[in-house]
Amino acid sequence: MQTLIDHGANVNVMNAENKSPLHVAIENQHEEIISVLLCHPTIELKHRDRSGNTPFAAALGIRNHKAALRILDRFPSAAEQIDQRGRNFLHLAIMKDDLESVLFLIAIQVDVNSRVHDVNQSTPLHLAAASNNEMITRNLILAGARMNERDSVQKLPLHIAIERGNLPAVSALIQNNADYDATDADGNNALHIAVRCGQFLIVRELLTESRVNAEATNLKGRNPMHELCRIVEDNTAALICELFLECMPNYPIDVPDMDGNTPLLLSFMRGQSPLCKILVKAGACLGTENREGVNIFNFKLATDQLLHKLLDILPKESSWSECDLCQECTTRFTITMRKHHCRHCGRVLCSKCSSNDIPILKFGINKPVRVCSVCFNVLQSGIGSLS
Ligand SMILES: [Zn+2]
Ligand SMILES: [Zn+2]
């Protein structure tokens, strides 16, 4: 090599794959030849081969960190080059879950907050939030990656980690003071997002390891419990609901969203039986109506089975509903048309619609009290009074 160079050979000549002698020497790990080439005054270091790799990229690709460092000596910005999709070496190493390259790049002090030059404008930590290697996230944080930078759609790395169900990354971010109350473009905080994605373990992590505001409302006026009851299905929904009530026994389960829907109403309208049962056992108000006058008594599911089941398991008199109209026949209350409450479901009714009297043994009520016709049927069938 030295002899050829001494006789005027072109050190930047390319072969059919657009590789220079330096590319080839790096790929074959010929350290001495690499040295000779890198000492040459006209050596070209920005040149890309047919796969788009510069000599630095080639060195990084085969983990020849010694060669990579020597290239950096001659061409300090070699590590900051970006590819056609706007990604630099750090971005690519994170996306490949390549911890070793990430550590090397951190060691040579590349910018750990550089954004991908594309529509998402992700930072390295956004990319790491989707990585399976927790150590990448932790090392970026140690190297000074900023925790709460937003991408072009207002998401934090924490939001991405939650959406991906990436519990280790979520833990790493929370332990390093990521802002769990920060909201995305829809006003969802970390807990909203975890609930919406049905990520039970992440919900638990947030409720036990952070002080996230569990009652925050998003731009649609919904708190995380509303989102749970509106979106999440079956057992996952039930598990998360139980977790909420276990961690926060005083969680306001009767707060309505902007449309007047309570968690019970939202889950009832979707026929989510396990969720409804948990809410009823936790004391949710049965008679609450939304802005369109819909409640669990007048909303028609395919069968009345769920309503009857919920009335059957009702553990104590439901808190009284407020309404200006009888919740059965919609007669308006006046001075002469007085309000009554069903002593079982708590709905507000006219005297005609609450004319049945029956003891409610499961509540310890032994003398007959005023109930609505729905509750009368449930109680009379005997199941209710035995439970
Ligand atoms: Zn009535
Ligand atoms: Zn009733």
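Residues numbered from 1 in each chain as written. Chains lettered and ligands numbered in written order. Predicted model: local features only at pLDDT ≥ 70, side-chain atom pairs only at ≥ 80, totals over all residues. Heavy atoms only, no water.

1. A look at unusual backbone geometry
The backbone of Q121 sits at a positive phi, close to 55 degrees, despite the residue not being glycine. On the secondary structure map, Q121 appears in the loop between α7 (99–107) and α8 (124–128). Of note in this structure, T330 is not a glycine but carries a positive phi near 60 degrees. Of note, T330 is situated in the loop between α18 (305–313) and β1 (340–341). A residue is classified by how much of its surface remains accessible, and T330, at 52% relative accessible area, is exposed. (Helix = DSSP H or I, 4+ residues; strand = E, 2+ residues; numbered from the N terminus. Buried < 20%, exposed > 50% of the residue type's maximum accessible area, 1.4 Å probe, protein only.)

2. What to know about the UniProt feature "domain: FYVE-type" (unreviewed entry) in the protein chain
Residues annotated by UniProt as "domain: FYVE-type" (unreviewed entry) correspond here to residues 320–380. Across residues 320–380, the secondary structure splits into 13% helix and 26% strand, with the terminal C-alpha atoms separated by 22 Å. (UniProt positions renumbered as here; feature names shortened; annotations may be inferred.)

3. Description of the pairing of strand β4 (residues 365–371)
It is a general feature of regular strands that their side chains alternate between the two faces of the sheet. Judged from the 4 bridges that link them, strand β3 (residues 356–360) and β4 form a sheet pairing that is antiparallel. Looking at the pairing, D357 lines up with R370 of β4. Following β3, the chain reverses through 4 residues before pairing antiparallel with β4; G364 in that reversal takes a positive phi of roughly 80 degrees. (Pairing = 2+ DSSP bridges.)

4. Some details on the coordination of the zinc ion (ligand 2)
Here the zinc ion (ligand 2) is held by C342 (SG), C345 (SG), C372 (SG) and C375 (SG), and the distances to it run 2.3 Å. Coordination at the zinc ion (ligand 2) comes from 4 donor atoms whose angles at the metal span 101 to 118 degrees, giving a geometry best classed as tetrahedral. (Donors = N, O, S within 2.8 Å, 3.2 Å for Na, K, Ca; no water. Tetrahedral: all angles 85-135°; square planar, octahedral: opposite > 155°, others 65-115°.)

5. Quick word on the coordination of the zinc ion (ligand 1)
Coordination sphere of the zinc ion (ligand 1), protein contribution only: C326 (SG), C329 (SG), C350 (SG) and C353 (SG), at 2.2 to 2.3 Å. Considering all 4 donor atoms around the zinc ion (ligand 1), the spread of angles at the metal, 101 to 116 degrees, places the coordination shape in the tetrahedral class. Each donor residue of the zinc ion (ligand 1) lies on the same chain, and together they follow the pattern C-x2-C-x20-C-x2-C. In this pair, C329 sits in the loop between α18 and β1 while C353 sits in the loop between β2 (348–349) and β3, placing the two residues 24 residues apart along the sequence. Here C353 falls in the buried class, since its relative accessible area comes to 14%.

6. Some words on the UniProt feature "repeat: ANK" (unreviewed entry) in the protein chain
This chain's UniProt record puts "repeat: ANK" (unreviewed entry) on residues 17–38, 85–117, 120–152, 153–185, 186–219 and 259–291. A helix fraction of 42% and a strand fraction of 0% characterise residues 120–152, whose end C-alpha atoms lie 5 Å from each other. Taken end to end, residues 186–219 is 50% helix and 0% strand, and its first and last C-alpha atoms sit 6 Å apart.

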